[in-house]
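In case you want the letters, here they are:
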Amino acid sequence: MIDIAPAGETLETCAGVLQEVFGYDAFRGPQAEIVAHVSEGGDALVLMPTGGGKSLCYQVPAIVRERAGRGLTVVVSPLIALMHDQVGALLEAGVAAAFLNSSLSLDEAQQVEKQMLRGEITLLYAAPERLTTPRFLALLDSLHERGRLSLFAIDEAHCVSQWGHDFRPEYRGLVVLHERFAGVPRVALTATADDLTRADIIERLQLQEARTFISSFDRPNIRYTIVEKTDGTQQLLRFIRDEHSHSQGHDAGIVYCQSRKRVEEVAGLLRDAGFNALPYHAGLEPALRQNHQDRFLREEGLIMVATIAFGMGIDKPDVRFVAHLDMPKNIEGYYQETGRAGRDGEAANAWMTYGLQDVVNQRRMIDESPAADEFKQVLRGKLDALLTLAEGSDCRRVRLLGYFGEASEPCGNCDNCLKPPELIDATEAARKILSCIYRVQQASGTAFGAGHIMDILRGKQTEKMAQYAHHKLSTFGIGDDWSETQWRALLRQLIAREAVQVDAAHFNTLHLAEGARDILKGGAQVWMKQASEKPARSRNKGSSRSAAKDVAPDGQPLSLAERECLDALKAWRAEVAREHNLPAFVIFHDATLRALAAQQPRTMADLDGIAGIGQKKREAYGAEVLRVVSAFG
Ligand code: ADP
Ligand code: ZN
């Protein structure tokens, strides 16, 4: 067996592979340190945001180690639906890769196993439940005994933790890798970075000895916007029309909704409005669901309306927006979901609308879940953190990153930075609503929900009012100078700062909570964003539209001829992708095609400087690309 070279040389070897195989000039951020460490046989826990470039952190070491005679790298990946494309991308780059999952016939699976035992595979992707079968472990034993088991990469490692947002019990079984294959390095990767989940991953996978690499979790190209829900779906339509529609159609995006029913509804609505939209949720026939996912990956400009069942591991690089029509459960989920926008580093939007009902629904789901109280408490805390983010009037990014323990400065690329909200002193109003909640409960011996409380404040004569004689209360009508929207906004704010509690188990009735005292008796002030009565007007059109769309890598806009060349390259790419049954971005990224259109290479050597064209792709496609480009010289 050839030994792995010493430190400095390892990095050089890795950089060589990066250039030769993937066509990239330099590692990004901490990638360099990680690939060197893992290539040398160290264990690693890699925390990197979506789009940060996690795949190369194990793919490069896998290739380096295989070339040094160490044998196979096994990649654990939770979603079999995506293995096909991941392996396809590696094969396109000339790397011997394969996957083992239930989509293969017995015959095909045996074929792969044989290749694996013969040492013909560099990277093997497998689902955790497959990996931990006695049969598969025995195969790995035989490789291990011959010193041909090189590395384990555990992708989406947060799946091992119940604190993460997509817990997969099968991941727990992966601890066997450590116990059974002593000396085989492991690299675990995730985009979920909160302390609880991180500690859980280390514990559950026995990674105490691993070096932890934490990247900045900032996604500077994503613009965060959180708006109050007025007419939800209409707001969504305006957002997509204003920000993501152009003459040739519209951008690719994901719209997250809470329920299957709503997914269907919204997908229909978008289609009626002329958008190319598809539904995705766990209630669809598996074949149809798969078909929708494939179309999303393969077609340009498709909008996927989905429950959170959609998206984990979706590696489509050019998703230009992620919209939440309903509020997610926590910041981890929000960040993970919004992170699916703009993996290619180009401008993208994360847009969310939320209202009081979202808060109430989420609380109820927690309260009604069969989980232990202690666990529910954690979930409530996480929901509150998200609510505080939504209600906040300061930089969204500062808060988001702060939640993950990262300090930062106001970003200039979120709604609050771009258009600082006007704040009003709502302390007096807060006292009114708090004392109203208190008095009603005192007078009637029972609590009431938000609707009735607001009716009392606004002095509305309703049946319920008469029934309980609440029109006689001293708080009746003391808030008729405020609209219901304003009161709702204030109420959310009070729930966010734990002055009011919603009892989901009892008809969403409102109760005073710990934080009320300071407002009623202490000197605590309540500031509130000026509620907008009109639906929020969109920002300057085009401000966030992907400026990168039709520009060369140096930022210069493409000329007409260059744009035509780009279109021709895209048409060529679409054909190749269809032939290979792969998404277009697996053949070449948009950025690579734009660089080709702008630089007009004439010779094979000219292709060298263009990012994303490795040796294998140059051999496979270089001549064709030059031919397409030459027509536009
Ligand atoms: P993650 O898995 O962390 O979400 P990926 O591994 O899918 O991210 O990488 C995101 C994108 O960035 C991919 O399109 C990948 O090709 C690109 N990328 C990653 N590392 C580099 C690099 N060093 N140079 C250029 N592009 C890179
Ligand atoms: Zn900001």
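Residues numbered from 1 in each chain as written. Chains lettered and ligands numbered in written order. Predicted model: local features only at pLDDT ≥ 70, side-chain atom pairs only at ≥ 80, totals over all residues. Heavy atoms only, no water.

### Some words on the domain arrangement of the protein chain
With domains assigned, the protein chain is organised as domain 1 (7-214), domain 2 (222-418), domain 3 (423-527) and domain 4 (550-630). Each partner contributes to the interface: domain 2 provides 14 residues, whereas domain 3 provides 15 residues. A buried area of about 1300 Å², summed over both sides, lies between domain 2 and domain 3, and 58% of it is on carbon and sulfur atoms. Counting the contacts that link domain 2 with domain 3 gives two salt bridges. Between Glu 391 and Arg 492 there is a salt bridge whose closest N-O contact spans 2.7 Å. If you list the elements that add at least two residues to the side of domain 2 that touches domain 3, you get helix H14 (356-368) and helix H15 (373-391). Ranked by the residues each element gives to the side of domain 2 that touches domain 3, the list is headed by H14, at six residues. (Domains from an automatic or database assignment. Contact = heavy atoms within 4.5 Å. Buried area = accessible area lost by both parts, 1.4 Å probe. Salt bridge = Lys/Arg side-chain N within 4 Å of Asp/Glu carboxyl O. Helix = DSSP H or I, 4+ residues; strand = E, 2+ residues; numbered from the N terminus.)

### Points about helix H9 (residues 195-204)
Within H9, the full set of buried residues consists of Thr 197, Arg 198, Asp 200 and Ile 201. Along the axis of H9, the buried residues cluster in a sector spanning 165°; they form a single face. Facing away from the buried surface of H9 by more than 90 degrees, the exposed residues are Asp 195 and Glu 203. Where the residues of H9 are buried, they touch strand S1 (44-47), strand S6 (186-190) and strand S7 (211-214). Residue Gln 206 follows H9 closely and has a positive phi angle near 55°. (Buried < 20%, exposed > 50% of the residue type's maximum accessible area, 1.4 Å probe, protein only. Arc of directions from axis to C-beta.)

### Quick look at the coordination of the zinc ion (ligand 2)
Coordination sphere of the zinc ion (ligand 2), protein contribution only: Cys 395 (SG), Cys 411 (SG), Cys 414 (SG) and Cys 417 (SG), at 2.3 to 2.4 Å. Note that the zinc ion (ligand 2) binds four donor atoms; their angles at the metal cover 102 to 119°, and the shape is tetrahedral. Along the chain, the residues donating to the zinc ion (ligand 2) fall in the pattern C-x15-C-x2-C-x2-C. Here Cys 395, found in the loop between H15 and helix H16 (396-403), pairs with Cys 414, found in the loop between H16 and helix H17 (415-418); they are 19 residues apart in sequence, far enough to count as distant. What makes Cys 395 buried here is its relative accessible area of 6%. (Donors = N, O, S within 2.8 Å, 3.2 Å for Na, K, Ca; no water. Tetrahedral: all angles 85-135°; square planar, octahedral: opposite > 155°, others 65-115°.)

### Things to note about the nonpolar core
Judged by nonpolar contacts, the single largest core of 148 residues is most densely connected at Leu 140, Ile 433, Leu 490 and Leu 494. Ignoring anything within four residues of it in the chain, the contact list for Leu 140 reads Leu 72, Val 74, Met 116, Leu 131, Leu 149, Phe 152 and Phe 181. Counting 23 residues, the second largest nonpolar core, distinct from the first, contains Leu 558, Cys 565, Ala 595 and Ile 613. (Core = buried A, V, L, I, M, F, W, Y, C linked by side-chain atoms within 4.5 Å.)

### Structural notes on the sheet that holds strand S2 (residues 72-76)
Sheet strands pair via backbone hydrogen bonds, and the direction of the pair is either parallel or antiparallel. Spatial ordering of the open sheet is given by S3-S4-S2-S5-S6-S1-S7, a layout of seven strands whose pairing is parallel. Edge positions in the open sheet fall to strand S3 (97-100) and S7, since each of these has one partner strand only. On average, each strand axis in the sheet is tilted by 20° relative to the strand beside it, whichever way the strands run. Summarising the sheet, S2 and strand S5 (residues 149-154) pair through five bridges and their orientation is parallel. Bridging from a neighbouring strand, Thr 73 pairs with Leu 151 of S5. Contacts from helix H4 (residues 80-92) reach S3 and strand S4 (123-126), with the element oriented near 165° to S3. Taken strand by strand, helix H7 (residues 134-145) contacts S2, S3, S4 and S5, and its axis lies near 135° from that of S5. (Pairing = 2+ DSSP bridges. Axes fitted to C-alpha atoms, helices over the stretch in contact; angles between N-to-C directions.)

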